[in-house]
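Structural features, examined
As a plain string of letters, each chain reads:
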Amino acid sequence: MKTIHGELLDISFSNGRCYMLKEFNLTPEMVEKTLMGFPPYQLGYDRDLAVEHAHLPPIVYPFYKEIFEFQRLLAPEELFGSYLIIFFESNNKDTVRIRNQTGSLNILGLKGRFMRTYPSLVRDFYLYLLLENAHYFDKVVYSVNKDYFDKTDLILYKQNQTVALNILLDSAYAKRYRYQKDFRQGKSPDLTKLQIDLIIGDDLRRPVNNYYLPKQNCVDLVIQDFEKLIQSLV
């Protein structure tokens, strides 16, 4: 498809919805280079019990909005600023509230939860790029809507089969975070959905400026699990 202007391929309208289609050129190498330009990722951010259990607006939205609009990753501090501007209003110097809602959230606790979530956004996006580059699947899809509402990290398509891929770091915090996410959203497993769970342990990840990115062997493992799942249906 030819571009209309810059990276823009199409603007279309159908069935009460509008769509914008753009070229997308980010690579795993470009993501790694960007991460190396950030300050090294640090642990130890504040925790606030109310914030930890709150149902927050989607942290994934400003992350992928930036990628969609500018094909770049923002450093976590800068992205947190965007998150506040989009979804929150200030109560005072210590607390904020979600726009058009009552109540308050401790801003340092909110920042802590955001900063602990940020590496998982990078990890999932990086694995998406690796799977795309493998050219094994007919299509690999990331959807903010599916991520936020259905707990589906990626969707894999091949030979008329559709399989959800859930990605989890093999750590106590990651497992607790997944449980809390499910609990906050009132979700229970969809037993009708074909699904693969990828648990990324030390042998499947490598540090890049203190961000742990999936290794290439994650792709091999996903393909193996996908093939086993499809074969089990025959």
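Just above, that's the structure.
Residues numbered from 1 in each chain as written. Predicted model: local features only at pLDDT ≥ 70, side-chain atom pairs only at ≥ 80, totals over all residues. Heavy atoms only, no water.

This part takes up the nonpolar core. Side chains that are nonpolar tend, in soluble globular proteins, to be buried together. Judged by nonpolar contacts, the single largest core of 62 residues is most densely connected at Phe63, Leu73, Phe125, Leu131 and Leu165. Counting residues per element, this core draws most heavily on helix H5 (residues 107–134), which supplies 13 residues. The residues contacting Leu165, other than those within four sequence positions of it, are Leu127, Leu131, Thr152, Asp153, Leu154, Leu156, Ile196, Leu198 and Val222. (Core = buried A, V, L, I, M, F, W, Y, C linked by side-chain atoms within 4.5 Å. Buried < 20%, exposed > 50% of the residue type's maximum accessible area, 1.4 Å probe, protein only. Helix = DSSP H or I, 4+ residues; strand = E, 2+ residues; numbered from the N terminus. Contact = heavy atoms within 4.5 Å.)

So, on to the environment of Lys65. Position of Lys65 relative to the elements: it lies in helix H3 (residues 60–70). Residues Lys65 and Val144, spaced 79 residues apart in sequence, show a C-alpha to C-alpha distance of 9.6 Å.

Across the five residues that make up strand E7 (residues 154–158), a large majority, four, are buried. Relative to E7, strand E6 (residues 139–141) runs antiparallel, the two being bridged by three bridges. Looking across to E7, one finds that Lys139 is bridged to Tyr157. Bridge count between E7 and strand E8 (residues 161–169): five bridges; the pairing is antiparallel. (Pairing = 2+ DSSP bridges.)

Attention shifts here to unusual backbone geometry. The phi torsion at Asn100 lies on the positive side, around 65°, for a residue other than glycine. Considering the arrangement of structural elements, one finds Asn100 in the loop between strand E4 (95–98) and strand E5 (105–106). Judged by its relative accessible area of 77%, Asn100 is exposed. In this structure, Asn210 takes a positive phi of about 75° despite not being glycine. For Asn210, the location among the structural elements is in the loop between strand E10 (205–208) and strand E11 (211–214).

Another point: the packing of aromatic side chains. Enumeration according to the criterion identifies 18 aromatic pairs in this entry. Where Tyr83 meets Phe114, the ring centres are 5.4 Å apart and the plane angle is 35°; that geometry is what we call tilted. Note that Tyr83 is positioned in helix H4 (residues 76–87) and Phe114 in helix H5, a separation of 31 residues in sequence. Neither Tyr83 nor Phe114 differs from the other in exposure class; each is buried. Through a chain of ring-to-ring contacts, the aromatic side chains of Phe24, Tyr41, Phe63, Tyr64, Tyr118, Phe125, Tyr128, Tyr142 and Tyr211 assemble into a single cluster. For the cation-ring pair, Lys139 lies above Tyr157, with the distance from its terminal atom to the ring centre recorded as 4.8 Å. Between the NZ or CZ atom of Lys158 and the centre of the ring of Tyr136, over which it lies, the distance is 4.4 Å. (Phe/Tyr/Trp six-rings, centres within 6.5 Å; stacked < 30°, edge-to-face > 60°. Lys NZ or Arg CZ within 6 Å of the ring centre and 35° of its normal.)

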